[in-house]
Amino acid sequence: MYSEKVMDHFRNPRNVGEIENADGIGEVGNPRCGDIMKMYLKIENGVIVDAKFKTFGCGSAIASSSMATEMIKGKTIEEAMQVTNKAVAEALDGLPPIKMHCSVLAEQAIKAALLDYSKKNNIQIKGLENFNPDEDVHEH
Amino acid sequence: MYSEKVMDHFRNPRNVGEIENADGIGEVGNPRCGDIMKMYLKIENGVIVDAKFKTFGCGSAIASSSMATEMIKGKTIEEAMQVTNKAVAEALDGLPPIKMHCSVLAEQAIKAALLDYSKKNNIQIKGLENFNPDEDVHEH
Amino acid sequence: MNRYIYMDNSATTQVKQEVLDEMLPYFNINYGNPSSIYTLGSKSKNAIEIARERVAKAIGANTNEIFFTAGGSESDNWALKGIAYANRKKGNHIITSKIEHHAILHTCQYLEKEGFKVTYLDVDKYGTVDLEQLKNSITDDTILISIMFANNEIGTIQPIKEIGRIAKEKGIYFHTDAVQAIGHVKIDVDDLNIDLLSMSAHKFYGPKGVGALYIRKGVKIDSLIAGGAQERNRRAGTENVPGIVGMGKAIELAYENLEESNAKLIKLRDRMISKIFDRIDYVRLNGHPTNRLPGNVNVCFEFIEGESLLLSLDMEGIAASSGSACTSGSLEPSHVLLAIGLPHEIAHGSLRLSLGDFNTEEEVDYVVDKLVEIVSRLRAMSPLYEKIKEVK
Amino acid sequence: MNRYIYMDNSATTQVKQEVLDEMLPYFNINYGNPSSIYTLGSKSKNAIEIARERVAKAIGANTNEIFFTAGGSESDNWALKGIAYANRKKGNHIITSKIEHHAILHTCQYLEKEGFKVTYLDVDKYGTVDLEQLKNSITDDTILISIMFANNEIGTIQPIKEIGRIAKEKGIYFHTDAVQAIGHVKIDVDDLNIDLLSMSAHKFYGPKGVGALYIRKGVKIDSLIAGGAQERNRRAGTENVPGIVGMGKAIELAYENLEESNAKLIKLRDRMISKIFDRIDYVRLNGHPTNRLPGNVNVCFEFIEGESLLLSLDMEGIAASSGSACTSGSLEPSHVLLAIGLPHEIAHGSLRLSLGDFNTEEEVDYVVDKLVEIVSRLRAMSPLYEKIKEVK
Ligand SMILES: Cc1ncc(COP(=O)(O)O)c(C=O)c1O
Ligand SMILES: Cc1ncc(COP(=O)(O)O)c(C=O)c1O
């Protein structure tokens, strides 16, 4: 069902945990739907120097979180904003169609954390103008 | 499907053939239905001294003919009139339900031959008053 | 019994050793439920998908157009009822033929009780459906044409390509019961414009109790068996994994060796037919003389009845079948033999010898020898034959 | 992977060696079609009749009340659609429960589209149907009550005898989906007033793709699969002879060893449940505490999701299942867990371990050890667990 990459990130998820005094924290998902992703970012000079996550969810939700944190670490905020759900899924060598929403969740978790950062620091991040972290990614 | 007795009489049918100048000949059945039985009797002093048959039909039709001829040989006409289809079937250790009509045919073949004999000799046989050899034994 | 000669390969076939070998691990080693996500489940799932590819390849379909079932009868019932109920709004008329298998005919009768109209096409003396009648039968209400690919009794192969073309022109779904054809005839569902096709593994050296229905993408059809999400939500039930694996292997083998096997069968078949005609009189060949299944021999021996022929053959260790009534409990002979115009009394004397990959020339000759003896023995007992002799 | 521990016996079981041994000759030695009259055919026929006797004996039925099918889903579909269509004139109302298998629920939904009315009974927190609601739901139009014998997810056994009594009093047919119960629970169809009963061989160490429907003599039912005269004209299709033989052997074995096997399973089950509760917090038992299938363990671990639990178990070589959404493509958790009143977020963390004849105490202990590790690892990753700890 899952690619080796997914299983690798599920087996050994990178960057699990919390960042104390994180600069941005984002939480997306809904326990009713079986997945919540919470992302912590440490940002210095517009660069994501650290990222950690906690996830309640299925194998691909955990793998997507892990991969997403890996992908944004070391990136500028602008670069991180370019990390789409498709990019996450591709980096995992693909996800089953019914699991694509997990990668969407990962993208949204990054954005939610960045939104939090932008609010705390009173800055504008391009692309987050209309972003709503509470919007549901599932079709019920 | 068939008892050993049926198979024995099918494998080695007794009394196959014709009797030249038979005293009574009866033919019953219908080729449309897949069975015709023709029975030849030699009758001396009211006793069936010989019986032969020819049958077009399935295994149990042939076995029933064979058994029926065996059962009436040496019997008086009155005794032969007592040979019912049930008796033929029982003597064969039973027939499958859908094959019971074969034993009926055998009983009717005997009666048809006796009727022929009674007509030729202008005598009355008790039990044949209402017998019609062309009556169909099959439910269509 | 010293030897056993099996010449009833249209009734069923033995599972080939290579097929059984592929099946075996799925009974008690890789026994996982294909719907389960763990390793043991994925193994079963993968095995099914390999089988699906093999089946799809054999008929030129896509894998997502193959749905496994429990056999030919289920496939036929599903095709007919599924199409009928799902397309009721479009129309309520179905066209089929008089010589279909009972899985089609009885399902049509059921649908008639449910308010559908069914036209049963006639066939000619060779058992070929009447294309003109087909065209004339089509109405605005026609939603389905179901014509078998090859007849199970007399072996006649139908003009499937022409039927497919007619159906396509009129925008009517075309189903074919290919249970007897698969493994013997090259079939390309696109080339032939087939929308639905039924098959059954045990007719081509696969196991009994497994089959498939090909459903062209986009065809509107209801499920016959609802429940779990198996077979992409269209046919519920824990998959018969070993059976499906066996079907996949069997169909692959059949099409790998198609030409070779057909050439051999046709040679055996024609040898048998000509020997029978050389040595036995009052015999007729049923079905199309050339356009017939490679292994199918169907003849009527006049003046004798089919069941006693079969029993006599069985006593000699020969397995064959008959379209005679007596075996089925009704006293009517086969509807197929009647549809090609045989009188009842002759239809009762039919014999089908269906040759398969394991039969040999020597067996054919042996069976003919035995047939000569048996037919003459039974005719000697037959009051009908006696009459013919008198006439001579 | 060094060892593989299979604890998903409610999903499917392996075919026992004794069962497979009985099946094997029917693939390529006694491969005759049971409808054929020659020797090879009779052997298959006889084998089927022996299997039928074994199945009949297991549930106290007559042999002529057992009809072989391709599995539990077909049996369920047949029972429901067959009764519904055959008794339309009597009424159009069916009563079932909210926790039935999808083979029942989706068939009921189909029948609703066809104009039938269906009442879905509630269950209590243990998953037992509400008998009062059942009685109150019955109308003059009610033709069928279909309630499963034991639930496949949470193992709860229903008050079948009471339901049978109610149905009988009212003169309504009573069908039970006994797919999970057969081989584990003593069943006597007369004692329990059951009119129709579904079973599936692969749930009791028989092969996949074969099952049966018990139909009490006199019950009016349409065929689901029409065609040949097999199964006394009620279920067409060349019989899956090896499968049927396997089912017969498997059910015989199951009832020969019932008490022994149940005693063992209950011991393992209760050991597992109590160890889980001893060593893991925030855990709930689903299903009835005592009136449940001998091998069924179903628990929810809060704050974690079922699929990641299953994958983690699979990494340790342990096969189990979950009522979680993620596996099925819908994001809803199991309808059964919702029906017993679990909130969505908790239902997502469910785990079913279904023990079977091949499991050992040592395996149970090993699995619990692994569960402790896995649950704590996943909870450490879970933002929901973190919140709970904050609250503490
Ligand atoms: C309660 C219940 N009913 C029906 C079925 C369907 O049986 P099968 O998958 O063999 O068709 C199952 C198992 O999947 C089941 O557990
Ligand atoms: C033409 C045809 N259709 C359908 C069937 C039914 O297939 P099965 O018996 O495998 O269900 C058969 C064989 O019996 C057949 O020959």
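What you are looking at is a predicted structure, and each value in this text was computed from that prediction instead of being measured.

1. Structural notes on the overall build of chain A
Phase 1: The number of helices and strands found in chain A is 5 helices and 3 strands.
Phase 2: Ordered by position from the N terminus, the helices and strands of chain A form the series α-β-β-β-α-α-α-α.
Phase 3: Computed over its C-alpha atoms, the radius of gyration of chain A comes to 14 Å, within 12% of the 14 Å expected for a compact globule of 140 residues.
Phase 4: For chain A, the proportion of its 140 residues judged to be buried stands at 54%.
Phase 5: When contacts within chain A are restricted to residue pairs at least 6 apart in sequence, those whose partners lie at least 24 apart make up 60%.

2. Quick look at the interface of chain C and chain D
Phase 1: Counting residues at the interface gives 61 residues for chain C and 61 residues for chain D.
Phase 2: Carbon and sulfur atoms make up 58% of the area that chain C and chain D hide from each other, which totals about 4,800 Å².
Phase 3: Three residues stand out in chain C for area buried against chain D, namely Y31(C), Y38(C) and K208(C), and they jointly supply 15% of the buried area on that side.
Phase 4: At the junction of chain C and chain D, the tally comes to 2 salt bridges.
Phase 5: The tally of links between chain C and chain D comes to 28 residue pairs in polar contact (both at pLDDT 80 or more).
Phase 6: The residue inventory of the side of chain C that touches chain D, partitioned by class, reads 27 nonpolar, 23 polar and 11 charged.

3. Examining the pattern of salt bridges
All names here are of chain D.
Phase 1: Inspection of every chain in the model, using the stated rule, returns 76 salt bridges over all chains.
Phase 2: The shortest N-O distance in the salt bridge between K16 and D357 comes to 2.8 Å. Residue K16 is located in the loop between β1 (5-6) and α1 (17-23), and its partner D357 is located in the loop between β12 (350-354) and α14 (361-381); the two are separated by 341 residues in the primary sequence.
Phase 3: Accessibility expressed as a relative area gives 12% for K16, which makes it buried.
Phase 4: The class for D357 is partly exposed, based on a relative accessible area of 23%.

4. Description of the site of ligand 1
Phase 1: Ligand 1 sits among 14 residues. The nearest are T238(C), S73(D), D177(D), S200(D) and K203(D).
Phase 2: Residues near ligand 1 are shared among chains C and D, making this a multi-chain site.
Phase 3: In this structure, S73(D) approaches ligand 1 through a side-chain N or O atom, which is 2.7 Å from an oxygen atom.
Phase 4: In this structure, an oxygen atom belonging to ligand 1 sits 3.0 Å away from a side-chain N or O atom of K203(D).
Phase 5: In isolation ligand 1 has 390 Å² of accessible area, and contact with the protein removes 95% of it.
Phase 6: At 3 residues, helix α4 (residues 72-86) of chain D tops the list of elements feeding residues into the shell around ligand 1.
Phase 7: Here the shell around ligand 1 is composed, by residue class, of 2 nonpolar, 9 polar and 3 charged.

5. Some details on the environment of G155(C)
Residues and elements named next belong to chain C.
Phase 1: Relative to the assigned elements, G155 resides in the loop between β5 (142-146) and α7 (160-170).
Phase 2: For G155, a relative accessible area of 0% gives the class buried.
Phase 3: The sequence separation of G155 and K117 amounts to 38 residues, and the corresponding C-alpha distance is 28 Å.
Phase 4: Not counting chain neighbours up to four residues away, the residues in contact with G155 comprise A150, N291, R292, L293 and N296.

6. A closer look at unusual backbone geometry
Phase 1: Although it is not a glycine, N21(A) sits at a positive phi angle of roughly 55°.
Phase 2: Here N21(A) shows up in the loop between α1 (4-11) and β1 (24-30).
Phase 3: N21(A) sits in the exposed class, given a relative accessible area of 68%.
Phase 4: Look at R232(C): it is not a glycine, yet its phi comes out positive at around 45°.
Phase 5: Residue position: R232(C) is located in helix α8 (residues 230-233).
Phase 6: Among the residues examined, R232(C) registers a relative accessible area of 40% and is labelled partly exposed.

7. Concerning the sheet that holds strand β8 (residues 211-215) of chain C
All names here are of chain C.
Phase 1: Taken together, 7 strands build an open sheet; the order of strands is β2-β8-β7-β6-β5-β3-β4 and the sheet is mixed. Only two strands of the sheet have a single neighbouring strand rather than two, namely β2 (66-69) and β4 (117-121). Strand-to-strand twist across the sheet, computed as the mean angle between neighbouring axes with direction ignored, equals 20°.
Phase 2: Sheet topology places β5 next to strand β6 (residues 173-177); 3 bridges connect them, and they run parallel.

8. Describing the packing of aromatic side chains
Residues and elements named next belong to chain D.
Phase 1: Enumeration according to the criterion identifies 17 aromatic pairs over all chains in this entry.
Phase 2: Note on Y85 and F116: the rings are 5.9 Å apart at their centroids and 75° apart in plane angle, and the pair reads as edge-to-face. With a gap of 31 residues between them, Y85 in helix α4 and F116 in the loop between α5 (102-113) and β4 (117-121) connect regions that are remote in the sequence.
Phase 3: For Y85, a relative accessible area of 10% corresponds to the buried category.

9. Here's the deal with empty space enclosed by the protein
Phase 1: Here the structure, examined in full by the defined rule, presents 8 cavities of 30 Å³ or more.
Phase 2: Forming the walls of the largest cavity are 14 residues, and the residues nearest its centre are K81(C), Y85(C), K81(D), Y85(D) and L224(D).
Phase 3: When contributions to the lining of the largest cavity are tallied by element, the ones reaching two or more residues are α4 (72-86) of chain C together with α4 of chain D.
Phase 4: Residues belonging to the lining of the largest cavity are distributed by class as follows: 6 nonpolar, 4 polar and 4 charged.

10. Some words on the site of ligand 2
Phase 1: Residues in close proximity to ligand 2 total 14 residues, the closest being S73(C), D177(C), S200(C), K203(C) and T238(D).
Phase 2: Those residues lying near ligand 2 are distributed over chains C and D.
Phase 3: Measuring from an oxygen atom of ligand 2, one finds a side-chain N or O atom of S200(C) at 2.5 Å.
Phase 4: Examining the composition of the shell around ligand 2, we find that 3 residues originate from one element, α4(C), more than from any other.

11. Section: the domain arrangement of chain C
How big an interface is tends to be stated in terms of accessible area lost as the parts join.
Residue and element names in this part refer to chain C.
Phase 1: By the assigned domains, chain C splits into domain 1 (17-256) and domain 2 (258-391).
Phase 2: Using C-alpha coordinates to define each centre, domain 1 is positioned 29 Å away from domain 2.
Phase 3: Domain 1 puts 29 residues into the contact, and the matching count from domain 2 is 25 residues.
Phase 4: Where domain 1 abuts domain 2, roughly 2,100 Å² becomes buried across the two surfaces, and 57% of that area is made up of carbon and sulfur atoms.
Phase 5: On the domain 1 side of the contact with domain 2, E153, I154 and H184 bury the most area, a combined 33% of that side's loss.
Phase 6: Applying the counting criterion to the domain 1 and domain 2 interface returns 1 salt bridge.
Phase 7: The closest approach of N and O atoms between E259 and K186, which form a salt bridge, is 3.3 Å.
Phase 8: At the boundary of domain 1 and domain 2, one finds 14 residue pairs in polar contact (both at pLDDT 80 or more).

12. Some details on the sheet that holds strand β10 (residues 296-301) of chain C
Residues and elements named next belong to chain C.
Phase 1: Taken in spatial order, the 3 strands make up an open sheet running β9-β10-β12, and their pairing is antiparallel. Since the sheet does not close on itself, it has two edges, and those belong to β9 (283-285) and β12 (350-354), each with one partner. Across the sheet, the axes of successive neighbouring strands diverge by a mean angle of 25°, strand direction being ignored.
Phase 2: Bridge analysis of β10 against β12 gives 5 bridges, and the strand direction is antiparallel. Across the sheet, the residue bridging to V297 is L353, located in β12.
Phase 3: Packed onto the sheet, helix α10 (residues 258-279) meets β9, β10 and β12 and runs at close to 15° relative to β10.

What counts and how
Residues numbered from 1 in each chain as written. Chains lettered and ligands numbered in written order. Predicted model: local features only at pLDDT ≥ 70, side-chain atom pairs only at ≥ 80, totals over all residues. Heavy atoms only, no water. Helix = DSSP H or I, 4+ residues; strand = E, 2+ residues; numbered from the N terminus. Rg over C-alpha atoms; globule rule 2.2 N^0.38 Å. Buried < 20%, exposed > 50% of the residue type's maximum accessible area, 1.4 Å probe, protein only. Contact = heavy atoms within 4.5 Å. Buried area = accessible area lost by both parts, 1.4 Å probe. Salt bridge = Lys/Arg side-chain N within 4 Å of Asp/Glu carboxyl O. Polar contact = N/O pair within 3.5 Å; in protein donor to acceptor, adjacent residues only side chain to side chain. Nonpolar A, V, L, I, M, F, W, Y, C, P; charged D, E, K, R; others polar. Near = heavy atom within 4 Å. Areas by Shrake-Rupley, 256 points an atom, 1.4 Å probe, with all protein chains shown as cover. Pairing = 2+ DSSP bridges. Axes fitted to C-alpha atoms, helices over the stretch in contact; angles between N-to-C directions. Phe/Tyr/Trp six-rings, centres within 6.5 Å; stacked < 30°, edge-to-face > 60°. 1 Å grid on protein atoms, 1.4 Å probe; cavity = no way out; pocket = protein on both sides within 12 Å on 5 of 7 lines; lining within 4 Å. Points joined across faces, edges and corners; volume = space filled by probe spheres on them. Domains from an automatic or database assignment.

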